[in-house]
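# Architecture and fold: a report
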Amino acid sequence: MKVPTIVWKSADVEVVMSLMPGDTVVGRSRECDFRLDEASVSRKHVVFRWDGESLAVLDLGSSSGTLINQQRLEPGQEVVLRPGDRLVLGHLMGVYQMNAMAGEREEAVREPFRIDEEIGGQLEHLMHQTLDRLRSGQGSPSQVADQLAPQFEVVCKEVRDRLREYRLIQEITEVLSRILNVRDLLNTALEMVADLLGADRGFILLQDPSGHLVPFAELRFNTAGPLHDWDFSGTIARNCFESGQIIILEDATEDARFSTAQSIIATKVKSVICLPLIQGENVSGVLYLDHLRRRSLFHAGQFEFLRTFARQTTLALENAKLYTQAVTDDLTGLYTRKYSETRILQELNRADRYKRPLSLLVADIDYFKKVNDQYGHLAGDQVLVRVAQIITSLIRKADLACRFGGEEFVILLPETHLKGARILAERIRSKVGREHFSINEKNFRVTISMGLAEYHTHGVQDVKSFIDVADKALYKAKQAGRNRLELAESPKMESFSSSPKAP
């Protein structure tokens, strides 16, 4: 069953009105069937008549008049509306839509407002209307201005809103285009759109190789109370992903399609919007936002902005993916040797220019060949991936970790003296040593050896010599028994070694 809906908007008001069969009197008075609390609306402004097939509107002699697609109704004049028609009551603009009832509609998707092309037409019509009234003497200039001012105000608000959205999209595009780390990009995009729309929870979910939707960026409820294990409504996200359509729920707890979902029952979430991220003809993921307490937070007027936002995010994501593929190792996700050498050179120049500290760690997995020989190459890959994950989990954003070749890793630490680098190295070595590996019901552990050098301490001149100094310290760690950290020797410092304490 289709239900006629009018979405009313002004500078201070946004109301969704669903009409039932029969007459619905609309106005500012409490006696009306539907009240619009707006001073520019007459006490009894219009009556809507819905017979189950068509919707008509009749002006009740309102002081500010009723406009349908910029055409003013005469008092008592009745007009049959068509979906998409635009109405103006005082300072309120409305759009007539035909929506399916909650629980019966196949898609919870509203057609977006397409006002960009209409704004020019509205302004042109108002200009001709103003000139015609002035030329024909239909009132003094001040009277004509008073009569048409409400219409100009509505159009001007639309212009301001659209320009604001354009500015926001430009800012978002500029910000996202500078971010080449995939997770950083997605987290930034999510934070920006959640802040703009007032959401208090959100996720960006991408499809993994197995076909599952996985959160790559997330924002949690900013509320007190227990946290739940579920991260988002998988039912809504999957529905959006598979249909490729925007889903909007005014109150998820009252929507028959999703109200039985475990996450909605537990959180009692109200407003929900889920937007597909489309790349070419394929959906690559979804943007999900919701609000725990507020109903009808999201609406059709946001669709064009959100679609543009989604396109820009998807484009930036693809650029970031291409860049990431070019500079990262396929297995571990760490940076490649070629890229790391470029970054090390940049940091050397920066350390020279600003006299800032810079340290370098070289790490190697002990007896890695034996792991491959005894447990197989899948086990070796498992070890490489897990060691890379441990390194990534312990370093800062400003640090750089790369797979330098085989089982060797290089970690560049800007703004870090030898003391701080030594503490980090011991954390990495210790955590790797505690890790349990299992493959084909065989359990084993691995250890790593590490060499550490500080740039200014050793007086190196280029990338190769900097790495060589740290690599010689690594060789010392290997010669001294492995599973230990050695600091590079220098005339300015005494030799230092660190090894695990005896049990």
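Residues numbered from 1 in each chain as written. Predicted model: local features only at pLDDT ≥ 70, side-chain atom pairs only at ≥ 80, totals over all residues. Heavy atoms only, no water.

## Some details on the overall build of the chain
The secondary structure content of the chain amounts to 12 helices and 24 strands. Counting over 503 residues, the chain shows a buried share of 49%. Restricting to contacts in the chain with at least 6 residues of sequence separation, those with at least 24 account for 60%. Carbon and sulfur atoms form 49% of the exposed surface of the chain, whose accessible area is close to 25,600 Å². (Helix = DSSP H or I, 4+ residues; strand = E, 2+ residues; numbered from the N terminus. Buried < 20%, exposed > 50% of the residue type's maximum accessible area, 1.4 Å probe, protein only. Contact = heavy atoms within 4.5 Å. Areas by Shrake-Rupley, 256 points an atom, 1.4 Å probe, with all protein chains shown as cover.)

## Quick look at the sheet that holds strand S12 (residues 201-207)
Sheets are built from strands that pair by backbone hydrogen bonding, the pairs being arranged parallel or antiparallel. Spatially, the 5 strands line up as an open sheet ordered S13-S12-S16-S15-S14, and their pairing is antiparallel. The sheet terminates laterally at strand S13 (213-219) and strand S14 (247-249), the two strands that pair on one side only. For this sheet, the mean inter-axis angle between neighbouring strands, taken without regard to orientation, is 15 degrees. As paired strands, S14 and strand S15 (residues 271-279) are joined by 3 bridges and run antiparallel to one another. Bridge pairing in S15 links Ile-248 to Ile-273. Its contacts with the sheet place helix H4 (residues 234-243) against S12, S13, S14, S15 and strand S16 (282-291), and it is angled at close to 145 degrees to S16. Where helix H6 (residues 303-327) meets the sheet, it contacts S12, S14, S15 and S16, and its direction lies at approximately 45 degrees from that of S15. (Pairing = 2+ DSSP bridges. Axes fitted to C-alpha atoms, helices over the stretch in contact; angles between N-to-C directions.)

## Some thoughts on the packing of helix H7 (residues 337-354) against helix H12 (residues 463-479)
For any two helices packed against each other, the geometry is given by the interaxial angle and the distance between the axes. H12 packs onto H7 with a crossing angle of 100 degrees between their chain directions and a minimal axis gap of 9 Å. Here H12 runs roughly perpendicular to H7, going by the angle between their axes. When H7 is examined against H12, the residues Glu-341, Ile-344, Leu-345 and Leu-348 are found in contact with a partner set consisting of Val-463, Phe-466 and Ile-467. Across the contact of H7 with H12, the residue classes break down as 6 nonpolar, no polar and 1 charged. (Parallel < 35°, antiparallel > 145°, perpendicular 65-115°, else oblique. Nonpolar A, V, L, I, M, F, W, Y, C, P; charged D, E, K, R; others polar.)

## What to know about the pattern of salt bridges
Across all of its chains, the model carries 24 salt bridges by this definition. Residue Lys-270 is joined to Asp-251 by a salt bridge in which the shortest nitrogen-to-oxygen separation is 3.6 Å. Within this pair, whereas Lys-270 is found in the loop between helix H5 (262-267) and S15, its partner Asp-251 is found in the loop between S14 and H5, the two being separated by 19 residues in sequence. Its relative accessible area of 22% is what places Lys-270 among the partly exposed residues. Between Glu-254 and Arg-295 there is a salt bridge whose closest N-O contact spans 3.8 Å. You can see Glu-254 sitting in the loop between S14 and H5 and its partner Arg-295 sitting in the loop between S16 and H6, a full 41 residues away along the chain. Owing to a relative accessible area of 56%, Glu-254 belongs among the exposed residues under this scheme. You can call Arg-295 partly exposed: its relative accessible area is 41%. One connected set of salt bridges, linked through shared partners, spans Asp-251, Glu-254, Lys-270 and Arg-295. (Salt bridge = Lys/Arg side-chain N within 4 Å of Asp/Glu carboxyl O.)

## Quick look at the sheet that holds strand S4 (residues 34-35)
Reading across the sheet, the 5 strands line up as S4-S3-S5-S6-S9 and stay open at both edges, with mixed pairing between neighbours. The open sheet has two edge strands, S4 and strand S9 (78-81), and neither has a second partner.

## Notes on the packing of aromatic side chains
Counted under the stated rule, the structure contains 6 aromatic pairs. An aromatic cluster is present here, built from Tyr-375, Phe-437 and Phe-444 joined pairwise through their rings. It is Arg-482 that lies over the ring of Tyr-367; its NZ or CZ is 4.4 Å from the centre. (Phe/Tyr/Trp six-rings, centres within 6.5 Å; stacked < 30°, edge-to-face > 60°. Lys NZ or Arg CZ within 6 Å of the ring centre and 35° of its normal.)

## Description of unusual backbone geometry
Of note, the phi angle at Glu-441 is positive, near 65 degrees, even though the residue is not glycine. Mapped onto the elements of the fold, Glu-441 is located in the loop between strand S20 (437-439) and strand S21 (442-444).

## Here we look at the confidence of the model for the chain
A residue-level look at the chain finds 87% of positions with pLDDT of 70 or above and a mean pLDDT of 81. Contacts from residues 492-497, a stretch scored under 50 in pLDDT, to residues over four places away or in other chains number 15 contacts. Throughout residues 499-503 the model reports pLDDT below 50, and contacts reaching past four residues in sequence, or to other chains, amount to 5 contacts. (pLDDT = per-residue confidence, 0-100.)

## Some details on the pairing of strand S6 (residues 55-59)
The element S6 is extensively covered by neighbouring structure, given that 5 of its 5 residues are classed as buried. Judged by which residues are buried, S6 turns out to be covered on both faces: Leu-55, Val-57 and Asp-59 on one side and Ala-56 and Leu-58 on the other are all buried. Where strand S5 (residues 46-50) and S6 come together, 5 bridges link them in antiparallel fashion. Bridge assignment links Trp-50 to a residue of S6, and that residue is Leu-55. Two successive antiparallel strands, S5 and S6, enclose a turn made up of 4 residues, where Gly-52 displays a positive phi of approximately 95 degrees. Two elements, S6 and S9, share 4 bridges in a ladder whose sense is antiparallel. By the bridge assignment, Val-57 is partnered in S9 with Val-79.

## Some details on helix H9 (residues 377-394)
Helix length check: H9, at 18 residues, gives a terminal C-alpha distance of 26 Å against a target of 26 Å (1.5 Å per residue), a fit within 8%. All of the buried residues in H9 are Ala-379, Gly-380, Val-383, Leu-384, Val-387, Ala-388, Ile-390 and Ile-391. (Expected span 1.5 Å × (residues − 1).)

## Describing H12
Along an α-helix, a turn takes 3.6 residues, which lines up residues three or four apart on a common side. For H12, with 17 residues, the first-to-last C-alpha span of 24 Å sits near the 24 Å given by 1.5 Å per residue. What H12 keeps buried is the set Val-463, Phe-466, Ile-467, Val-469, Ala-470, Ala-473, Leu-474, Ala-477 and Lys-478. The residue sitting at the N-terminus of H12 and contributing the capping side-chain oxygen is Asp-462; that oxygen lies 3.3 Å from the backbone nitrogen of Lys-464. Directly after H12, the chain includes Gly-481, whose backbone phi takes a positive value near 125 degrees. (Polar contact = N/O pair within 3.5 Å; in protein donor to acceptor, adjacent residues only side chain to side chain.)

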